[in-house]
Amino acid sequence: MDREWNDSQPIYRQLRDRVVAMILDGVLKEGDPLPSVRTVAADNRLNPLTVLKAYQELVDEGLVETRRGLGMFVKTDARNLLLEKFLTKDWPRIRETMLRLGLKPEDLLSGNASRRQKLKMKKEER
């Protein structure tokens, strides 16, 4: 895990996001154990309570399960649950923002969005 933290959001949230990214990237697969709270805290120079809070969010979201005496493990279908959340909650909000900004998916995928937006702003200045 990357040891750099930014001030844009709480560290526990950033840690949670990193674990989610590891699940999506296949670094952590279904049934894999998460690194222990103590290990993550020591490796990243974090308070163990910060790590525990991040892990608890993952449990609350249904991505991770606690097995008493064994640790925390990635749940079956965690990746599918993340996909479903993206499609039902995140994507509609992103799509709405894109429509408000006048962006097309093709522009974003091709990398032309910023170029197109600059041209549009120049036309409006005239």
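Just so it is clear, the model here is predicted, and its values are computed rather than measured.

(A) Highlighting unusual backbone geometry. Non-glycine residue arginine 45 carries a positive phi angle of around 55°. Considering the arrangement of structural elements, one finds arginine 45 in the loop between α2 (37–44) and α3 (48–60). Residue arginine 45 is classed as exposed on the basis of its relative accessible area, which comes to 77%. Of note in the backbone geometry, aspartate 77 takes a positive phi value of approximately 70° without being a glycine. Tracing the backbone through its elements, the reader meets aspartate 77 in the loop between β2 (71–74) and α4 (78–101).

(B) Quick look at α3. The terminal C-alpha atoms of α3, which comprises 13 residues, lie 18 Å apart, in line with the 18 Å expected from a rise of 1.5 Å per residue. Buried within α3 are the following residues: Val51, Ala54, Tyr55, Glu57 and Leu58. For α3, the arc enclosing every buried residue in end-on projection is 150°, short of the 170-degree limit, so these residues lie on one face. Facing away from the buried side of α3, by more than 90 degrees, are the exposed residues Leu49 and Asp60. On the buried face of α3, the contacting elements are α1 (11–24), α2, β1 (64–67) and β2. Of the residues flanking the start of α3, the one acting as N-cap is asparagine 47, its side-chain oxygen 2.8 Å from the backbone nitrogen of leucine 49.

(C) Spatial organisation of α2. Buried residues of α2: Val40, Ala41 and Asn44, and no others. Angularly, the buried residues of α2 cover 100° about the axis, an arc narrow enough to put them on a single face. Among the exposed residues of α2, those oriented more than 90 degrees off its buried face are Arg38 and Ala42. Contact partners of the buried residues in α2: α1 and α3. Just past α2, the residue arginine 45 takes up positive phi, approximately 55°.

(D) Molecular detail of the nonpolar core. Membership of the largest hydrophobic core comes to 21 residues, with the highest contact counts inside it found for Val19, Ile23, Leu34, Val51, Tyr55, Leu58 and Leu63. Looking at this core, the elements that each hand over two or more residues are α1, α2, α3, β2 and α4. Among the elements that make up this core, the one with the highest residue count is α1 (six residues).

(E) Focus on the packing of α1 against α3. Put simply, α1 and α3 touch, their axes get as near as 8 Å, and they point 50° apart. It follows from the interaxial angle that α1 and α3 lie oblique. Judged by the sense of rotation from one axis to the other, the crossing of α1 with α3 is right-handed. Between α1, through Ile11, Tyr12, Arg13, Leu15, Arg16, Val19 and Val20, and α3, the contact on the second element is made entirely by Thr50, Val51, Lys53, Ala54, Tyr55, Glu57 and Leu58. Tallied by class, residues from the contact of α1 with α3 come to nine nonpolar, one polar and four charged.

(F) Structural view of a nonpolar patch on the surface. Together, Leu83, Phe86, Leu87, Trp91 and Ile94 make up a nonpolar patch on the protein surface, roughly 420 Å² of accessible area in all. Structurally, the position occupied by tryptophan 91 is in helix α4.

(G) Quick peek at the pattern of salt bridges. Overall, the coordinates contain six salt bridges when judged by the stated rule. Close ionic contact of arginine 13 with glutamate 57 constitutes a salt bridge, the shortest N to O distance being 2.7 Å. A residue pair is termed long-range when its members are at least 10 positions apart, and arginine 13 in helix α1 and glutamate 57 in helix α3 qualify at 44 residues. By relative accessible area, glutamate 57 is classed as buried at 18%. Among the charged side chains, a salt-bridge network with shared partners connects Arg16, Asp17 and Glu61.

Calculation notes
- Residues numbered from 1 in each chain as written.
- Predicted model: local features only at pLDDT ≥ 70, side-chain atom pairs only at ≥ 80, totals over all residues.
- Heavy atoms only, no water.
- Helix = DSSP H or I, 4+ residues; strand = E, 2+ residues; numbered from the N terminus.
- Buried < 20%, exposed > 50% of the residue type's maximum accessible area, 1.4 Å probe, protein only.
- Expected span 1.5 Å × (residues − 1).
- Arc of directions from axis to C-beta.
- Contact = heavy atoms within 4.5 Å.
- Polar contact = N/O pair within 3.5 Å; in protein donor to acceptor, adjacent residues only side chain to side chain.
- Core = buried A, V, L, I, M, F, W, Y, C linked by side-chain atoms within 4.5 Å.
- Axes fitted to C-alpha atoms, helices over the stretch in contact; angles between N-to-C directions.
- Parallel < 35°, antiparallel > 145°, perpendicular 65-115°, else oblique.
- Left-handed = near helix turned anticlockwise from the far one by under 90°.
- Nonpolar A, V, L, I, M, F, W, Y, C, P; charged D, E, K, R; others polar.
- Patch = residues over 30% accessible without salt bridge, like charges linked within 9 Å, V, L, I, M, F, W, Y side chains within 5 Å.
- Areas by Shrake-Rupley, 256 points an atom, 1.4 Å probe, with all protein chains shown as cover.
- Salt bridge = Lys/Arg side-chain N within 4 Å of Asp/Glu carboxyl O.

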